[in-house]
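Summary of structural features
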Amino acid sequence: MRLDMFLKISRIVPHRTQAKKMCEEEKIRINDRMAKSAQDVHPGDILLADFPGFRRRYRVEQVPDSRHVSRQAARELVTLLDSQRKDMLE
C-alpha cells in the first residue's frame, strides 16, 4: 500500500493530501530514509512523522487489504513507539 494512503487509513494524518504534502516536504521517513508518497509500506517498517510542534515514531504492525478500515482496526495498524515535543528536541 502507498505511504500516503496508509498514513490516512491508519489515522496518523487526517487527509491523504496532507500526507502527500508532508512527504514532499521531507517530514516523513521510513526506516531512517526520506519517504516518497508512492513508496510501499510493509509490516515492521518504522515511520517517523515530523508534525508542527512534535515528532512521533511508529512501527507498522500490519497493512490492510482495502482502503476501508474501521476506527478500531486502524488503531491496530501501527504502534506508537515515541512522541517528543520539538522544544524538548532542541
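Preceding block: the structure.
Residues numbered from 1 in each chain as written. Predicted model: local features only at pLDDT ≥ 70, side-chain atom pairs only at ≥ 80, totals over all residues. Heavy atoms only, no water.

**Brief notes about the overall build of the protein chain**
Counting its secondary structure elements, the protein chain contains four helices and five strands. Helices and strands in the protein chain line up, N terminus first, as α-α-β-β-β-β-α-β-α. For 90 residues, the compact-globule estimate of 2.2 N^0.38 gives 12 Å, and the C-alpha radius of gyration of the protein chain, at 12 Å, lies within 12% of that figure. Judged by the C-alpha coordinates and their principal axes, the protein chain covers about 40 × 25 × 20 Å. Among the 90 residues that make up the protein chain, the fraction classed as buried is 32%. Intrachain contacts of the protein chain at a sequence separation of at least 6 include 45% that bridge at least 24 residues. If you sum the accessible surface of the protein chain, you get close to 6,000 Å²; carbon and sulfur atoms cover 44% of it. In the protein chain, the 19 positive side-chain charges and the 14 negative ones have mean positions that sit 4 Å from each other. (Helix = DSSP H or I, 4+ residues; strand = E, 2+ residues; numbered from the N terminus. Rg over C-alpha atoms; globule rule 2.2 N^0.38 Å. Buried < 20%, exposed > 50% of the residue type's maximum accessible area, 1.4 Å probe, protein only. Contact = heavy atoms within 4.5 Å. Areas by Shrake-Rupley, 256 points an atom, 1.4 Å probe, with all protein chains shown as cover. Lys, Arg positive; Asp, Glu negative; His and termini not counted. Charge placed at Lys NZ, Arg CZ, Asp CG, Glu CD.)

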